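# Results of the structural survey
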Amino acid sequence: MLAEENPAPTKSTNKKRRRWLKILLLVLLIVAVLIGLAPAIISTSPVRRMAVRQINGRINGQLSIDSWSIGWFSGIKLRGISLLDQNSQQLASVESVSLDPSYLSLLSDGPDLGRLSVRRPHLEIRFGPKGRTNLEETIPGLELGKSSGKQISFDLQVEDGTVVIHQPDAAP
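This write-up is about the structure you can find in this document. Note that this is a predicted model, so its numbers are computed, not measured.

## Focus: the overall build of the protein chain
A count of helical and extended segments in the protein chain gives three helices and six strands. Counting helices and strands in the order they occur from the N terminus, the protein chain gives α-α-β-β-β-β-α-β-β. For the protein chain, the proportion of its 172 residues judged to be buried stands at 23%. By sequence separation, contacts in the protein chain at least 24 residues apart represent 51% of the contacts at least 6 residues apart. Carbon and sulfur atoms provide 60% of the accessible area of the protein chain, an area that totals close to 13,100 Å².

Structure representation (structure tokens):
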């Protein structure tokens, strides 16, 4: 009976394996750096403007955000938020919003967003003649009082907030 012999790896085979290993390690390093830098990239003005443009394309109003910052350890912070309704009337303004999520929980079905702090929000709700609010008219698909079925949990902290509700004029 003849024994099968495995030929010893040649120098060129070992060289190829090392080259592929180096390429794999380089790709993994680049991916790790991009993940680490993701919050800094997302925090840039061009990305913020692009996101606001996308939102404005989906609502019947005008959203603006003066600045935002996102960090792995510092959470998410937005400043100078303003929302105009379809009649260019102020619907909402907020001095700042900060969110300190557990990023791993965001991957779950019922994410816990952590603490949501809203500083100096001002909301102007106007009821139209058909009983719908300017908020419902500005954000398509929003029906106040109805659940979407998804549960999201967070601890809400509001500082120095105001809500003004305008009823339609009563008929004489």
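## A closer look at the pattern of salt bridges
All told, the structure shown has six salt bridges when counted by the stated rule. Notably, a salt bridge pairs Arg120 with Glu95, separated by 3.8 Å at the nearest N-O pair. Taken together, the residues span a long stretch of sequence, with Arg120 in strand E4 (residues 112–126) and Glu95 in strand E3 (residues 90–100) at a distance of 25 residues. Among the ionic pairs, Asp160 bridges to Arg120, the shortest N-O distance being 3.2 Å.

## A closer look at the pairing of strand E1 (residues 62–71)
Sheet topology places E1 next to strand E2 (residues 75–84); nine bridges connect them, and they run antiparallel. Residue pairing in the sheet places Ile70 in a bridge with Ile76 of E2. Connecting the antiparallel pair E1 and E2 is a turn made up of three residues.

## Quick look at a nonpolar patch on the surface
A cluster of nonpolar residues, Trp20, Ile23, Val27, Val31, Ile35, Trp72 and Phe73, forms a patch on the protein surface that exposes about 810 Å² of accessible area. Here Trp72 shows up in the loop between E1 and E2.

## Looking at unusual backbone geometry
Positive phi, close to 60°, is recorded for Ser88, a residue that is not glycine. The topology assignment puts Ser88 in the loop between E2 and E3.

## What to know about the environment of Ile59
Tracing the backbone shows Ile59 in the loop between helix H2 (45–56) and E1. Expressed as a C-alpha distance, the spacing of Ile59 and Ile139, which sit 80 residues apart in the sequence, is 5.1 Å. Leaving out residues up to four positions away in the same chain, Ile59 has contacts with Leu83, Thr138 and Pro140.

## Quick word on H2
Taking 1.5 Å per residue as the helical rise, H2 with its twelve residues ought to reach 16 Å, and the 16 Å between its terminal C-alpha atoms agrees with that figure. Listed in full, the buried residues belonging to H2 are Arg48, Val52 and Asn56. All buried residues of H2 lie within an arc of 70° about the axis, which places them on one face of the element. If you follow the buried residues of H2, they end up packed against E1.

## Here's the deal with the side chain of Ser43
Positionally, Ser43 belongs in the loop between helix H1 (11–42) and H2. Residue Ser43 is classed as buried on the basis of its relative accessible area of 19%. A distance of 2.7 Å separates a polar atom in the side chain of Ser43 from the backbone nitrogen of Ile70. Not counting chain neighbours up to four residues away, the residues in contact with Ser43 comprise Trp68, Ser69 and Ile70.

## Brief notes about the nonpolar core
Of all hydrophobic cores here, the largest spans 17 residues; its most connected members are Leu63, Ile65, Leu78, Ile81, Leu83 and Val97. Not counting residues within four places of it along the chain, the set of residues in contact with Ile65 comprises Arg48, Val52, Leu78, Arg79, Gly80 and Ile81.

## Let's talk about the environment of Asn60
Within the secondary structure layout, Asn60 lies in the loop between H2 and E1. Asn60 gets classed as partly exposed once you look at its relative accessible area, which sits at 36%. When sequence neighbours within four positions are dropped, the list of residues in contact with Asn60 reads Asp85, Gln86, Glu137, Thr138 and Pro140.

About the criteria used
Residues numbered from 1 in each chain as written. Predicted model: local features only at pLDDT ≥ 70, side-chain atom pairs only at ≥ 80, totals over all residues. Heavy atoms only, no water. Helix = DSSP H or I, 4+ residues; strand = E, 2+ residues; numbered from the N terminus. Buried < 20%, exposed > 50% of the residue type's maximum accessible area, 1.4 Å probe, protein only. Contact = heavy atoms within 4.5 Å. Areas by Shrake-Rupley, 256 points an atom, 1.4 Å probe, with all protein chains shown as cover. Salt bridge = Lys/Arg side-chain N within 4 Å of Asp/Glu carboxyl O. Pairing = 2+ DSSP bridges. Patch = residues over 30% accessible without salt bridge, like charges linked within 9 Å, V, L, I, M, F, W, Y side chains within 5 Å. Expected span 1.5 Å × (residues − 1). Arc of directions from axis to C-beta. Polar contact = N/O pair within 3.5 Å; in protein donor to acceptor, adjacent residues only side chain to side chain. Core = buried A, V, L, I, M, F, W, Y, C linked by side-chain atoms within 4.5 Å.

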